[in-house]
Amino acid sequence: MINLAIVGYGKMGKMIESLAHKNEFNITGKYDVINPVNKHLKSNTDVAIEFSTPDSVIENIEFLSSKGINIVCGTTGWYHKADQIKNIIDKFGNGFIYASNFSVGVNIFFQIAKYSAGIINKYSQYNAEITETHHTQKLDKPSGTAIRIAEYIVENVNRKNKIVSDSDTPEVNELNIISKRIKNVVGTHEIKFSSNADEISLRHKANSRRGFAEGALVAAKFIFGKKGFYKFEDIFNEL
Ligand SMILES: NC(=O)c1ccc[n+]([C@@H]2O[C@H](COP(=O)([O-])OP(=O)(O)OC[C@H]3O[C@@H](n4cnc5c(N)ncnc54)[C@H](O)[C@@H]3O)[C@@H](O)[C@H]2O)c1
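Everything numeric here is computed off the predicted structure, so don't read it as measured data. (Residues numbered from 1 in each chain as written. Predicted model: local features only at pLDDT ≥ 70, side-chain atom pairs only at ≥ 80, totals over all residues. Heavy atoms only, no water.)

A. Quick peek at the domain arrangement of the protein. Here the protein is described as being made up of domain 1 (2–98 + 210–236) and domain 2 (104–206). Here the C-alpha centroids of domain 1 and domain 2 sit 28 Å apart. Of the residues lining the interface, 11 residues belong to domain 1; the matching set on domain 2 comes to 15 residues. When domain 1 packs against domain 2, the two sides together hide about 950 Å² of surface, and 63% of this comes from carbon and sulfur. It is Phe212, Glu233 and Phe236 that lose the most area in domain 1 upon contact with domain 2, and together they represent 49% of the buried surface on that side. On the surface where domain 1 and domain 2 come into contact, there are 1 salt bridge. Note that Glu233 is salt-bridged to Arg148, the shortest N-O span being 3.0 Å. Where domain 1 packs against domain 2, one counts 4 residue pairs in polar contact (both at pLDDT 80 or more). Considering each element in turn, the side of domain 1 that touches domain 2 owes the most residues, 3 residues, to helix α8 (residues 232–236). Taken together, the residues of the side of domain 1 that touches domain 2 break down into 5 nonpolar, 3 polar and 3 charged. (Domains from an automatic or database assignment. Contact = heavy atoms within 4.5 Å. Buried area = accessible area lost by both parts, 1.4 Å probe. Salt bridge = Lys/Arg side-chain N within 4 Å of Asp/Glu carboxyl O. Polar contact = N/O pair within 3.5 Å; in protein donor to acceptor, adjacent residues only side chain to side chain. Helix = DSSP H or I, 4+ residues; strand = E, 2+ residues; numbered from the N terminus. Nonpolar A, V, L, I, M, F, W, Y, C, P; charged D, E, K, R; others polar.)

Now the structure itself:
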């Protein structure tokens, strides 16, 4: 039985609560902006699943780590501060696993992105572009998932070496991520490879938040009792 805290009790926190099986998880607390974890933490917590906001995530990680609690982090928008987070985890010696996207489908899509970029690399007539569409309450832009897809393309297409966001006039070496915000869209990511002659599109569309929550619970079981800093993508195939 894993004693689980839900840190960030919004759309994702509530979905996680609804899917956490009672014979595997004992939910010790649910925390949000009006019931912050650093003031109200219940002591018997093994793992915290953190889906809050880009502004609060670092403070939450530092606090939970200082209490020796292992963390599944789904919040996006902090990756430019990854070194700071690694230092926190090193300092307190707890376990930490994160993903820009915990869904099985997106983690398969990452592998497809990587593989297709390797093919497109050989055909210089093709440009690459990413479009991500999310609901209007999403705080960060571009999405963490779009940035990860872009990194796979830049790593594998030699003529692309810079990621740009919402550029009207991207240079040939730039991989543009176009962000759209539309009411009620859970999350759609599309990679487009286009030449003067044709277009190849690859698209992942999340139909609900269920896939993210299921993946986060799998990650909670993985990180229970472990130490160190893990990326979900790196251990996805083992799981
Ligand atoms: N990694 C993934 O698979 C994945 C999937 C979906 C969403 N996300 C990310 O997860 C985050 C949350 O998404 P959401 O759709 O649940 O958002 P949401 O706006 O519905 O919920 C955010 C919650 O965080 C709470 N919060 C704010 N400050 C807090 C604090 N200091 N401590 C604790 N909680 C606090 C808010 O009260 C709210 O309940 C976002 O960053 C989003 O991009 C990641």
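B. The sheet that holds strand β11 (residues 228–231), seen in detail. Taken together, 6 strands build an open sheet; the order of strands is β2-β1-β3-β4-β5-β11 and the sheet is parallel. The open sheet is flanked by β2 (25–31) and β11, the only strands paired with a single partner. If you compare each strand with its neighbour and ignore which way they point, the axes differ by 20° on average. Sheet topology places strand β4 (residues 70–73) next to strand β5 (residues 95–98); 3 bridges connect them, and they run parallel. Across the sheet, Cys73 pairs through a bridge with Tyr98, a residue of β5. Where helix α3 (residues 57–66) meets the sheet, it contacts β1 (2–7), β3 (47–50), β4 and β5, and its direction lies at approximately 160° from that of β4. Taken strand by strand, helix α4 (residues 82–92) contacts β5 and β11, and its axis lies near 140° from that of β11. (Pairing = 2+ DSSP bridges. Axes fitted to C-alpha atoms, helices over the stretch in contact; angles between N-to-C directions.)

C. Structural view of the site of the ligand. Around the ligand, the surrounding shell holds 23 residues, and the nearest of these are Lys11, Met12, Thr76, Phe102 and Lys138. Between the ligand and the protein, one listed contact pairs a nitrogen atom with a backbone N or O atom of Ser100 at 3.1 Å. Within the backbone of Phe102, one N or O atom sits 2.8 Å away from an oxygen atom of the ligand. Out of a free accessible area of 860 Å², the ligand has 82% covered by protein chains. The residue makeup of the shell around the ligand, split by class, is 8 nonpolar, 11 polar and 4 charged. (Near = heavy atom within 4 Å. Areas by Shrake-Rupley, 256 points an atom, 1.4 Å probe, with all protein chains shown as cover.)

D. Examining the pattern of salt bridges more closely. Under the definition given, this model contains 10 salt bridges. As a salt-bridge pair, Lys138 and Asp140 come within 3.0 Å of each other at their nearest N and O atoms. Pair check on accessibility: Lys138 and Asp140 agree, each one buried. One continuous salt-bridge network, built from bridges that share partners, spans Arg148, Glu151 and Glu233. (Buried < 20%, exposed > 50% of the residue type's maximum accessible area, 1.4 Å probe, protein only.)

E. Quick look at α4. For α4, every residue scored as buried is listed here: Ala82, Ile85, Ile88 and Ile89. The buried residues of α4 occupy an angular sector of 120° when projected down its axis, which confines them to one face. When the buried face of α4 is taken as reference, the exposed residues oriented beyond 90 degrees from it are Asp83, Asn87, Asp90 and Lys91. Packing partners of the buried residues in α4 comprise α3, β5 and β11. In the stretch just after α4, Gly93 is the one whose phi turns positive, near 70°. (Arc of directions from axis to C-beta.)

F. Broad picture of the sheet that holds strand β10 (residues 199–206). Strand order in the open sheet formed by 5 strands is β7-β8-β6-β9-β10, and the pairing between neighbours is mixed. Strands at the two margins of the open sheet, each flanked by one partner only, are β7 (162–165) and β10. Across the sheet, the mean angle from the axis of one strand to that of its neighbour is 20°, orientation sign disregarded.

G. Region of interest: the nonpolar core. Core analysis: the largest hydrophobic core is formed by 28 residues, its most contacted members being Ile16, Ile49, Val72, Ile97, Phe102, Leu217 and Phe232. Secondary structure elements with two or more residues in this core: β1, α1 (11–19), β3, α7 (210–223) and α8. Counting residues per element, this core draws most heavily on α7, at 8 residues. Residues in contact with Val72, not counting those within four places in the same chain, are Val47, Ala48, Ile49, Glu50, Ile97, Phe102, Ala216, Ala219, Ala220 and Ile223. (Core = buried A, V, L, I, M, F, W, Y, C linked by side-chain atoms within 4.5 Å.)

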